[in-house]
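Okay, here's what each chain looks like letter by letter:
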Amino acid sequence: MRAIVFDQTLKFCTDTALRSPGSDEVIVDILQAGICETDLQLCKGYMGFCGTLGHEFVGIARLGRFAGQRVVGEINCACHACEMCQRQLSNHCPNRTVIGIVAHDGAFADSVIVPDRNLHAVPDHVSDAEAVFVEPLAAACRIAEQITLTGGEVVTVLGDGRLGNLCAQVLRHQGCQVCVVGKHDFKLRILQRLDIPTIKLEDLQPRRDSDIVIDCTGSPTGLAHALQLVRPCGTIVLKTTVAADQTLHMAPFVIDEITLLGSRCGPFADAIELLSQGAISVAPLLTATYPLEAATHAFEHAVRKDALKVLFDVR
Ligand SMILES: [Zn+2]
Ligand SMILES: [Zn+2]
């Protein structure tokens, strides 16, 4: 089958073999898949990944509970036997593989193998392109699982990229007063058109009045900026991993009793429900669509500053 494989370099292959699925796994034939910041990091050597990339996808399940239906799939493939899994922390299973990220071939291919229990059906009125956003949108929904929101919280999102935009939309939908800090006029304009207030990073004043600050910058400076914005006893949510080492003076976390909250993968069901209701607008985030054959061009496009979401159409 066709596949985009990373093995020191990015390659489009036409003769990649699909392994045989295990008894609890299903082959999903891909319709569309999206390039994410993690894919760009993996191409720089993050996690030492080698194999087929891609973890944001929609496809058709060949067998299993959703045979013949359009599905999206959770990316953490847990053992469901260890102590973490028994404590309902299967996203943290030490034996897990992660589709397209850790020891599990991904979805930039004609087909991907997914545990049946990871699959969710996509409602008919949610388009393929929208469904590709379920995985990153679920990551944004994770914040609302981790923090009890009562509505009216003052939230600052640092970062105007794909994930910053989705986090802003989700928290606004939860009733928070959201403002996004970013560097790129056209990305900030997308947020303004969604009635989400924005500030240019260069105009940012330290004002320690945010109940919650969400760092979606992917930059080592994000956390330092967050500290200038969060109120005493507030919460900083870290949404992006920074590969580089960071040095930060930790005393303010103690003095001002600030909670630092790591946040990763989230609930697919909530994300599908939000898309199904039309509560989240993902169309403005679509930059371009490429065939798998154009892997190099698509990845070059995805790293450009003027790109948001670049998709592969795999049919
Ligand atoms: Zn991703
Ligand atoms: Zn486990």
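I will try to describe carefully the structure that is included in this document. Per chain, residues are indexed from 1 in the order of the written sequence. Naming scheme: in the order in which they are written, chains are lettered from A and ligands are numbered from 1. Selection of residues for local features in this predicted model requires a pLDDT of at least 70, selection of side-chain atom pairs for listing and counting requires 80 or more, and totals for whole chains, interfaces and linings are taken over all residues.

Its identity is not glycine, yet glutamine 8 carries a phi of approximately 70°, on the positive side. Runs of E in the DSSP output that reach at least two residues are strands. Runs of H or I that reach at least four are helices, and both are numbered from the N terminus. Mapped onto the fold, glutamine 8 is located in the loop between β1 (3-7) and β2 (9-13). Whether a residue is buried, exposed or partly exposed follows from its count of other C-beta atoms within 10 Å of its own C-beta, namely 20 or more, 12 or fewer, or something in between, respectively; the C-beta atoms are built from the backbone. Under the C-beta neighbour-count criterion, glutamine 8 is labelled exposed, with 8 such atoms within 10 Å. Although it is not a glycine, alanine 103 sits at a positive phi angle of roughly 50°. As for its placement among the helices and strands, alanine 103 is situated in the loop between β8 (97-98) and β9 (111-115).

Once that is clear, we can look at the packing of helix α4 (residues 134-146) against helix α5 (residues 162-173). Axis geometry follows a simple rule: fit a line to the C-alpha atoms, using only the stretch in contact for helices, then measure angles between N-to-C directions, giving values from 0 to 180 degrees. Running from amino to carboxyl end, α4 crosses α5 at an angle of 50°, the nearest separation of the two axes being 9 Å. As far as their axial angle goes, α5 and α4 are oblique. Crossing of α4 over α5 shows right-handed handedness. Of the residues in α5, those touching α4 at Pro136, Leu137, Ala139, Ala140, Cys141, Ile143 and Ala144 are Arg162, Leu163, Leu166, Cys167, Val170 and Leu171. Geometric relationships in this document are graded by angle, where less than 35 degrees denotes roughly parallel, more than 145 denotes roughly antiparallel, 65 to 115 denotes roughly perpendicular, and other angles denote oblique. Handedness of a crossing follows from how the near helix is turned relative to the far one, being left-handed for an anticlockwise turn of less than a right angle and right-handed for a clockwise one. Two residues qualify as being in contact provided that their C-beta atoms, derived from the backbone, are within 7 Å of each other.

Take the nonpolar core next. If you look at the biggest cluster of nonpolar residues, it comprises 86 residues, and the most contacted ones within it are Val134, Leu137, Cys167 and Ile214. Counting residues per element, this core draws most heavily on α4, at seven residues. Residue ranges assigned to each domain were obtained from an automatic or database domain assignment. Shared between two domains, this core takes at least three residues from each, and those domains are domain 1 (3-133 + 282-313) and domain 2 (140-262). Ignoring any residue separated from it by four or fewer positions in sequence, one finds valine 134 in contact with Val72, Phe268, Ala271, Ile272 and Leu275. Definition of nonpolar core: a set of buried Ala, Val, Leu, Ile, Met, Phe, Trp, Tyr and Cys residues joined via C-beta atoms within 7 Å.

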